[in-house]
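# Working through the structure, step by step
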Amino acid sequence: MTQTEVWTIGKLLSWTSEFLKKHGSDSPRLDAEVLLAHAKGCRRIELYTAFESEPDQATKTAFREMVKRRSEGSPVAYLVGSKEFYSLSFIVNSDCLIPRPETEHLVLAGLDLAKIRRAATGRRLEVADLCTGSGCVAIAFAKQFADASLTAVDIVPATLDLAKRNVAQHGLEDRISLLQGDLLEGLPEAVKFDLILSNPPYISQAEFEKLDRSVRQFEPEVALLAGANGTEIIAKIEAQAYDRLLEQGSVLIEMSPSIADQVREIFADEKRWSNVRILKDLAGHQRVLQATKCLSKTI
């Protein structure tokens, strides 16, 4: 982009789309529109009624800087500071994993189980969200299911601070408690849950090396990499969740389709878990592990 040319909104979008496509963006036009709308302080749809207008210099300068950073791999969500999830807006930055559409299936599955559990128990439910990140799972769940109290846990203090901002933004401070800790280890032993949800790190070392650079180089490694196999954190959740669930409470865990068989094996103990199933996402990929704590057997 040269300073002497007249850069209308239409021309900026066309040039930037081609530029980002050459630099590896999977959605160059969408990226260009989101970044320009953010720089201009307007909604994306408003760009279409102003194609022939020229943005002011401050807008073009801000847009040019964001385009440069995007071409270097920085995710659009980090550049604009927000991401939509479950039709809600969340503050995001490099301290958290960017919410993804696949994770909405974790929320949906949790809501389905919560309705059944609420009808069976006749009381308010206690729900945990482990590895909460931005807080998107806990917040989306709370917005859709009013009769539950939630505990959202993350091991990274800065990430938990971000989740706190999102909880406040959505007015859920009275229903979502935030706790720093390693999964369930920091909770008092007496605390038990009807439902445990988690989108934990589940990427193996081999998979991590193959991730797109916008993920591998910019999103927090601690939220992605589980270890050599990808199942390490999920195995820890299984070990802790059984004693933290009320009888016939359930655990739901997002995972990579590539480790679905291994995750099923982790929950194969029929004395501990029943109704073990793998739920598929809209693309038909095995995405969410669901398991229910077995009833205690008395002699």
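The structure presented is a predicted model; accordingly, all values stated were derived computationally and were not measured.

## Quick notes on the packing of aromatic side chains
Under the criterion given, the structure shown has 8 aromatic pairs. Aromatic side chains Trp 15 and Phe 19 sit 5.0 Å apart centroid to centroid with 15° between the ring planes, which places their arrangement in the stacked category. Separated by 4 residues within a single helix, Trp 15 and Phe 19 lie in helix H1 (residues 9-22), roughly one turn from each other. We classify Trp 15 as partly exposed; its relative accessible area is 32%. Under the relative-accessibility criterion, Phe 19 is labelled partly exposed at 23%. With a centroid separation of 6.2 Å and 70° between ring planes, the pair formed by Phe 85 and Phe 90 is classed as edge-to-face. Of the residues examined, Phe 90 reaches a relative accessible area of 0% and is grouped as buried. One Lys or Arg, Lys 11, reaches over the ring of Trp 7 and ends 4.9 Å from the middle of that ring. Taking NZ or CZ as reference, Lys 293 lies 4.7 Å from the ring centre of Tyr 242, over its face.

Definitions and cut-offs
- Residues numbered from 1 in each chain as written.
- Predicted model: local features only at pLDDT ≥ 70, side-chain atom pairs only at ≥ 80, totals over all residues.
- Heavy atoms only, no water.
- Phe/Tyr/Trp six-rings, centres within 6.5 Å; stacked < 30°, edge-to-face > 60°.
- Helix = DSSP H or I, 4+ residues; strand = E, 2+ residues; numbered from the N terminus.
- Buried < 20%, exposed > 50% of the residue type's maximum accessible area, 1.4 Å probe, protein only.
- Lys NZ or Arg CZ within 6 Å of the ring centre and 35° of its normal.

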